[in-house]
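Each chain, letter by letter, is given below.
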Amino acid sequence: MANPVTQDVREVRVCLLGFGTVVRRFLTMLKDADERIARQSGVRFLISGTTSRHGGFLDPSGMTAGELLGIVHVGCDELPGPAVPAEELISTCAADVIVEATVLQPGGEPASTHINTAFTQGLDVVTVNKGPVAWQFDRLRRSAERNGCRWRYEGTVADGMPVFDLFESCLRSCEIKGFSGILNATTNSILEALGEGRSFDDAVAAAQEEGVAEADPTHDIDGLDAACKVACLANALMGADITPDDVPAESIRGVTAERVMAARESGRRLCVLCSGERSDEGDVHTSVRLAELPLGHPLAGIHGPALGLILHTDLMGDVLTAELDGRVQQTAYAILADLLTLYSRR
Ligand SMILES: NC(=O)c1ccc[n+]([C@@H]2O[C@H](COP(=O)([O-])OP(=O)(O)OC[C@H]3O[C@@H](n4cnc5c(N)ncnc54)[C@H](OP(=O)(O)O)[C@@H]3O)[C@@H](O)[C@H]2O)c1
């Protein structure tokens, strides 16, 4: 009798653009869960190409994640071949789907060009890079439609926490009137450390030690990361057609321990609140700002690496979604979830 796992399992070839922390975690996850994924979804994902700026790999017939990880130079995380320009890789790797996981650049390039190139060649795309959704959503959405391709971007807002999937699958026919959320773990952690009486620099160092803040947390501290997420939500859920440059964003640089403690003493929590709201005229107003939430507010319990979002809908009222530990594992899961949304057969 044929093995029930291999019987009727479709192979899907994946090309990974970027070979950083998220992609490597995704490959480890895929390697560990390969059999379960095949059994439950009827799909096996093979890697037919990947590139960073200093190394590459191309095998149009595809390798399992375990095979690929076996030939990566462990320790220095180096790919076995020379770097391949992303657009060349897209054209030669015979993939069904491109995963865009290169670094975020203001303006959303070159990631948006990578995605558009994939669409013009009839390939589906998954992105965890916020840039294209934040800066070039409408252009890319139309390109996907024109070319009969599909585009998923769950990992662009709050890692693997269901946001776009939640809206599409569980809030059918609802209209999003607005949203409010705590969407940046770095500022969350810094404000909490300030509340323990630390100086701003010590609070940043504590968030870095915890593994929540990056080596250069400028984009988080000054609100650009949160503004990108707000633009992604406003574009994809509310048809706003804005960019992060349209989102007024407040930096937490001037916040002192005294301010955080004073808020707490008055029964409130100081946080960076991301919001969007449709006006009566139909415009979408967005912001990233310091706000004091009453302790009973549903978002006041979102601490440290946790993230939370309330979607204000017309038919279903207010819906809260949250993840309690938003780290690289959850972003890697967002890639897997999007691939399964596109290709799962069961
Ligand atoms: N880390 C998270 O938890 C998280 C959460 C949500 C979203 N994201 C987003 O996910 C994406 C990947 O994050 P990460 O943490 O994995 O970043 P990372 O560790 O900095 O890795 C980025 C990778 O992209 C490669 N790269 C940059 N520009 C490229 C280009 N033009 N062509 C080919 N490769 C290029 C880099 O190559 P080199 O190493 O050779 O420079 C590196 O391999 C980013 O857009 C990030 O904002 C990350």
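The notes below deal with the structure included here. (Residues numbered from 1 in each chain as written. Predicted model: local features only at pLDDT ≥ 70, side-chain atom pairs only at ≥ 80, totals over all residues. Heavy atoms only, no water.)

### Description of the sheet that holds strand S3 (residues 56–63)
Sheets are built from strands paired through backbone hydrogen bonds, the pairs being either parallel or antiparallel.
Inference 1: Taken together, six strands build an open sheet; the order of strands is S3-S2-S1-S4-S5-S6 and the sheet is mixed. Of all the strands in the sheet, just S3 and strand S6 (151–152) have a single pairing partner and so form its edges.
Inference 2: Across four bridges, the pairing between strand S2 (residues 43–51) and S3 is antiparallel. In the strand pairing of S3, Gly49 is matched with Leu58.
Inference 3: In this fold helix H1 (residues 21–41) packs onto strand S1 (10–17) and S2, with an angle of close to 160° to the strand it touches most, S2.
Inference 4: Sitting on the sheet, helix H13 (residues 328–343) touches S1, S2, strand S4 (97–100), strand S5 (124–127) and S6, and the angle it makes with S5 is about 155°. (Pairing = 2+ DSSP bridges. Helix = DSSP H or I, 4+ residues; strand = E, 2+ residues; numbered from the N terminus. Contact = heavy atoms within 4.5 Å. Axes fitted to C-alpha atoms, helices over the stretch in contact; angles between N-to-C directions.)

### Describing the state of the cysteines
Inference 1: All told, the structure shown has zero disulfides when counted by the stated rule.
Inference 2: Summary of cysteine pairing: Cys232 is not part of a disulfide, and the nearest cysteine sulfur, belonging to Cys228, is at 6.6 Å.
Inference 3: Residue classification places Cys232 among the buried positions, given a relative accessible area of 0%.
Inference 4: Cysteine Cys274 is unpaired, with the sulfur of Cys271 as its nearest cysteine sulfur at 9.0 Å.
Inference 5: By relative accessible area, which is 1% here, Cys274 ends up buried. (Disulfide = S-S within 2.5 Å. Buried < 20%, exposed > 50% of the residue type's maximum accessible area, 1.4 Å probe, protein only.)

### Description of the packing of aromatic side chains
Inference 1: By the definition in use, this model includes five aromatic pairs.
Inference 2: Considering the side-chain rings of Phe137 and Trp151, the 5.4 Å spacing of their centres and the 25° angle between planes classify their relative orientation as stacked. Taken together, the residues Phe137 in helix H6 (residues 137–146) and Trp151 in strand S6 connect sequence positions 14 residues apart.
Inference 3: Overall, Phe137 belongs to the buried group, its relative accessible area being 6%.
Inference 4: Seen from their ring centres, Phe137 and Tyr153 are 5.7 Å apart, and the 80° between their planes marks the pair as edge-to-face. In this pair, Phe137 is assigned in helix H6 and Tyr153 in the loop between S6 and helix H7 (164–170), connecting sequence segments 16 residues apart. Neither residue differs from the other here; Phe137 and Tyr153 are each classed as buried.
Inference 5: Members of the aromatic cluster, connected to one another through ring pairs, are Phe119, Phe137, Trp151, Tyr153 and Phe164.
Inference 6: Lying over the aromatic face of Tyr343, Arg150 brings its terminal NZ or CZ to 5.3 Å of the ring centre. (Phe/Tyr/Trp six-rings, centres within 6.5 Å; stacked < 30°, edge-to-face > 60°. Lys NZ or Arg CZ within 6 Å of the ring centre and 35° of its normal.)

### Re the pairing of S4
Inference 1: Here S4 shows a buried face lined by Val97 and Val99 and a second buried face lined by Ile98 and Glu100.
Inference 2: In terms of strand pairing, S1 meets S4 through four bridges, oriented parallel. Paired with Leu17 across the two strands is Glu100, which belongs to S4.
Inference 3: Judged from the four bridges that link them, S4 and S5 form a sheet pairing that is parallel. Note on S5: the bridge partner recorded for Glu100 is Thr127.
Inference 4: Handedness of the crossover is the feature at issue here: the chain leaves S4, passes through helix H4 (residues 111–120), returns alongside S5, and the resulting connection is right-handed. (Right-handed = clockwise from strand over helix to strand, strands pointing away.)

### Notes on the site of the ligand
Inference 1: Taken together, 21 residues surround the ligand, and among them Thr21, Val22, Arg53, His54 and Thr102 come closest.
Inference 2: A distance of 2.9 Å is found between an oxygen atom of the ligand and a backbone nitrogen or oxygen belonging to Phe19.
Inference 3: One of the backbone nitrogen or oxygen atoms of Arg53 is found 2.8 Å away from an oxygen atom of the ligand.
Inference 4: Calculation on the ligand without its partners gives an accessible area of 910 Å², and the protein chains cover 76% of this total.
Inference 5: At the level of secondary structure, the elements contributing two or more residues to the shell around the ligand comprise H1 and H13.
Inference 6: Here the residues of the shell around the ligand are counted per class, giving eight nonpolar, 10 polar and three charged. (Near = heavy atom within 4 Å. Polar contact = N/O pair within 3.5 Å; in protein donor to acceptor, adjacent residues only side chain to side chain. Areas by Shrake-Rupley, 256 points an atom, 1.4 Å probe, with all protein chains shown as cover. Nonpolar A, V, L, I, M, F, W, Y, C, P; charged D, E, K, R; others polar.)

### Structural notes on the side chain of Lys130
Inference 1: Examined against the element boundaries, Lys130 turns out to sit in helix H5 (residues 130–135).
Inference 2: Judged by its relative accessible area of 14%, Lys130 is buried.
Inference 3: Excluding its chain neighbours within four sequence positions, the residues that come into contact with Lys130 are Leu104, Thr156, Asp225, Cys228, Lys229 and Cys232.

### Concerning the packing of H1 against H13
Inference 1: As a packed pair, H1 and H13 sit with axes 9 Å apart at the nearest point and diverge in direction by 45°. In terms of their interaxial angle, H1 and H13 are classed as oblique. Pair H1 / H13 crosses with right-handed handedness. Contact residues: H1 offers Thr21, Val22, Arg25, Phe26, Met29, Leu30, Ile37 and Ser41, while H13 offers Val328, Gln329, Thr331, Ala332, Tyr333, Ile335, Leu336, Leu339 and Leu340.
Inference 2: Tallied by class, the residues present in the contact of H1 with H13 amount to 12 nonpolar, four polar and one charged. (Parallel < 35°, antiparallel > 145°, perpendicular 65-115°, else oblique. Left-handed = near helix turned anticlockwise from the far one by under 90°.)

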